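Descriptive analysis of the structure
Chain by chain, the residues run as shown.
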Number of protein chains: 2
Amino acid sequence: MVKICNYGFDQEVIEEHRDIYGIAYTQNVLSGRYKNLIIWYLKEKNRRYNHIKKFLSDISQGSLTKQLRELEKDGIIKRTVYPEVPPKVVYSLTDKGKDLLSIIDLMESYGKRYGEQPK
Amino acid sequence: MVKICNYGFDQEVIEEHRDIYGIAYTQNVLSGRYKNLIIWYLKEKNRRYNHIKKFLSDISQGSLTKQLRELEKDGIIKRTVYPEVPPKVVYSLTDKGKDLLSIIDLMESYGKRYGEQPK
DNA sequence: CCGCATCCACCCGGATACTG
DNA sequence: CAGTATCCGGGTGGATGCGG
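- Going by what an unreviewed UniProt entry lists, chain A is known as Helix-turn-helix domain-containing protein and is assigned to Staphylococcus hsinchuensis.

Right, here's the structure in full:
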């Protein structure tokens, strides 16, 4: 059994289907209830912590911070602190993060096509 | 607070960012540890239950059945039962499911580009 | 304003045993 | 072969309180 991210596969399965590496990795980066919404929200422009918080209306502070830290750790977003009082923190997409936008854009158009339309 | 799939948003947020409907919907359809791997695996050809099981080497029977049922309920895959002994069940992608392949293909190439390469 | 630390609830997925 | 039924453990996200 070979470990790939959080998945385990038989050796022979891996040899026959090498593509699963890529899928597993991306799945890992995007796994998290709010991550693709955060990335999408940073597409238009950089955002401050509180803007993201208001956007994801029902997320808790603790959860938001966790998701942001993970995205930062994976190199998807960049965190910039302005040493002011009161503090100001701005999040922006890295190049690696911007490359995810094509995926999220597809998700958006797919959902628009098949999801229930808002009334 | 307006409910969209499993998310809650303020009314004004929704009015300003209607695209979140699509993202939330697609996220919902693909949420599940193994779903995009299953869809990708059905891309090449239709597969029997046990083939999928062997492909996802470390998934349990119960989990696999649950994921397949959800995908079926969302109209992503089709389940065909051949009334033989022993039983034979084949899963295939619907058109709605095939439309997800563009997303998964992008995930695959993204992961190939940024993920750690297998040794 | 933007966090961290802690604790907790819930749900997904895992394990096991059993059927048509 | 392809499930269903049941129970259980871990991890993710929620809630709250405190701090720079």
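1. Brief notes about the domain arrangement of chain A
All names here are of chain A.
- Here chain A is described as being made up of domain 1 (1-31) and domain 2 (33-114).
- Taking only C-alpha atoms, the centre of domain 1 and the centre of domain 2 are 26 Å apart.
- Facing five residues of domain 1, the contacting portion of domain 2 comprises eight residues.
- Surface buried jointly by domain 1 and domain 2 totals about 570 Å² across both partners, of which 65% is contributed by carbon and sulfur atoms.
- On the domain 1 side of the interface with domain 2, the three residues burying the most area are Val-29, Leu-30 and Ser-31, jointly 78% of the side's total.
- Our count for the domain 1 to domain 2 interface comes out at zero salt bridges.
- At the boundary of domain 1 and domain 2, one finds two residue pairs in polar contact (both at pLDDT 80 or more).
- Among the residues forming the side of domain 1 that touches domain 2, the class breakdown is three nonpolar, two polar and no charged.

2. What to know about the pattern of salt bridges
Residue and element names in this part refer to chain B.
- All told, the structure shown has 11 salt bridges over all chains when counted by the stated rule.
- A salt bridge links Glu-108 to Lys-112; its shortest N-O distance comes to 2.9 Å. Here Lys-112 and Glu-108 lie together in helix α7 (residues 101-114), a separation of four residues that amounts to about one turn.

Procedures and definitions
Residues numbered from 1 in each chain as written. Chains lettered and ligands numbered in written order. Predicted model: local features only at pLDDT ≥ 70, side-chain atom pairs only at ≥ 80, totals over all residues. Heavy atoms only, no water. Domains from an automatic or database assignment. Contact = heavy atoms within 4.5 Å. Buried area = accessible area lost by both parts, 1.4 Å probe. Salt bridge = Lys/Arg side-chain N within 4 Å of Asp/Glu carboxyl O. Polar contact = N/O pair within 3.5 Å; in protein donor to acceptor, adjacent residues only side chain to side chain. Nonpolar A, V, L, I, M, F, W, Y, C, P; charged D, E, K, R; others polar. Helix = DSSP H or I, 4+ residues; strand = E, 2+ residues; numbered from the N terminus.

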